[in-house]
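Understanding the architecture of this molecule
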Amino acid sequence: TQSTWDPEMAEIVLENLRAEGIEIAEEALAKEVRGSAGAIEVETEDGRVFKGSHILVAVGRKANTDDLGLDRAGIETTRTGVKVDATLRTTNKKVYAIGDAAGGLQFTHVAGYHAGVLIRTILFGLRAKAPCTLR
């Protein structure tokens, strides 16, 4: 999947990697990895087998909310984290979520920005919102 930040740049990077003979298998689900140093095979759920000397797996990440019982607190979750509004409030109006848990971009500086939004809101009573690109 292309980057939401700069799809044109992502396409240029993908084209260059492919031109160097690197195969990019987006959205592939690995079923089995086998082999030894220098001779690795990865079989995907759809039956494809990729062979090579090295492997790079980029699996992404998501907030680990499954076993927190958030539903008992009236907090809705999404595929990527906790559902929040523009003020970073969850569906339980007494609870906020920031950073990776807010289900948006997963960068340290975004979590820091979210913290600033909450400090302005909670400590100083100022109206502050996180842009939709940062949540």
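Shown above is the structure to which this text applies.
As a starting point, this report considers the structure included with it. In this text the structure is predicted, and so the values were computed from the model without any measurement.

Calculation criteria
- Residues numbered from 1 in each chain as written.
- Predicted model: local features only at pLDDT ≥ 70, side-chain atom pairs only at ≥ 80, totals over all residues.
- Heavy atoms only, no water.
- Patch = residues over 30% accessible without salt bridge, like charges linked within 9 Å, V, L, I, M, F, W, Y side chains within 5 Å.
- Areas by Shrake-Rupley, 256 points an atom, 1.4 Å probe, with all protein chains shown as cover.
- Salt bridge = Lys/Arg side-chain N within 4 Å of Asp/Glu carboxyl O.
- Helix = DSSP H or I, 4+ residues; strand = E, 2+ residues; numbered from the N terminus.
- Buried < 20%, exposed > 50% of the residue type's maximum accessible area, 1.4 Å probe, protein only.
- Expected span 1.5 Å × (residues − 1).

Looking now at a nonpolar patch on the surface. A cluster of nonpolar side chains, namely I119, I122, L123, F124 and L126, defines an oily patch on the protein surface of about 540 Å² accessible area. Inspection of the secondary structure assignment puts L126 in the segment after α2 (108-123).

Turning next to the pattern of salt bridges. Taken as a whole and judged by the stated rule, the model has 9 salt bridges. Linking R34 and E41 is a salt bridge whose minimum nitrogen-to-oxygen distance equals 2.9 Å. The class of R34 is partly exposed, set by a relative accessible area of 26%. Using a relative accessible area of 23% as the deciding quantity, one classes E41 as partly exposed. We note a salt bridge from K83 to E76, for which the minimum N-O separation is 3.7 Å. Its relative accessible area of 40% is what places K83 among the partly exposed residues. One network of salt bridges, with partners in common, ties together K31, E32, R34, E41, E43 and K51.

Looking now at unusual backbone geometry. What is expected of a backbone is that most residues other than glycine have negative phi and most peptide bonds are trans. Backbone geometry places E27, a non-glycine residue, at a positive phi of 65°. With respect to the helices and strands, E27 occurs in the loop between α1 (7-19) and β1 (30-36). On the basis of relative accessibility, which here comes to 65%, the residue E27 falls in the exposed class. Within the chain, L88 stands out as a residue other than glycine whose phi angle is a positive 75°. With respect to the helices and strands, the residue L88 is situated in the loop between β3 (49-52) and α2.

A few words now on the environment of E26. By the element assignment, E26 lies in the loop between α1 and β1. The class of E26 is partly exposed, set by a relative accessible area of 37%. As for E26 and G99, which are separated by 73 residues in sequence, their C-alpha atoms are 25 Å apart.

Moving on: α2. The terminal C-alpha atoms of α2, which comprises 16 residues, lie 22 Å apart, in line with the 22 Å expected from a rise of 1.5 Å per residue. Along α2, the residues that are buried comprise V110, H114, G116, V117, L118 and T121. Directly after α2, the chain includes G125, whose backbone phi takes a positive value near 65°.

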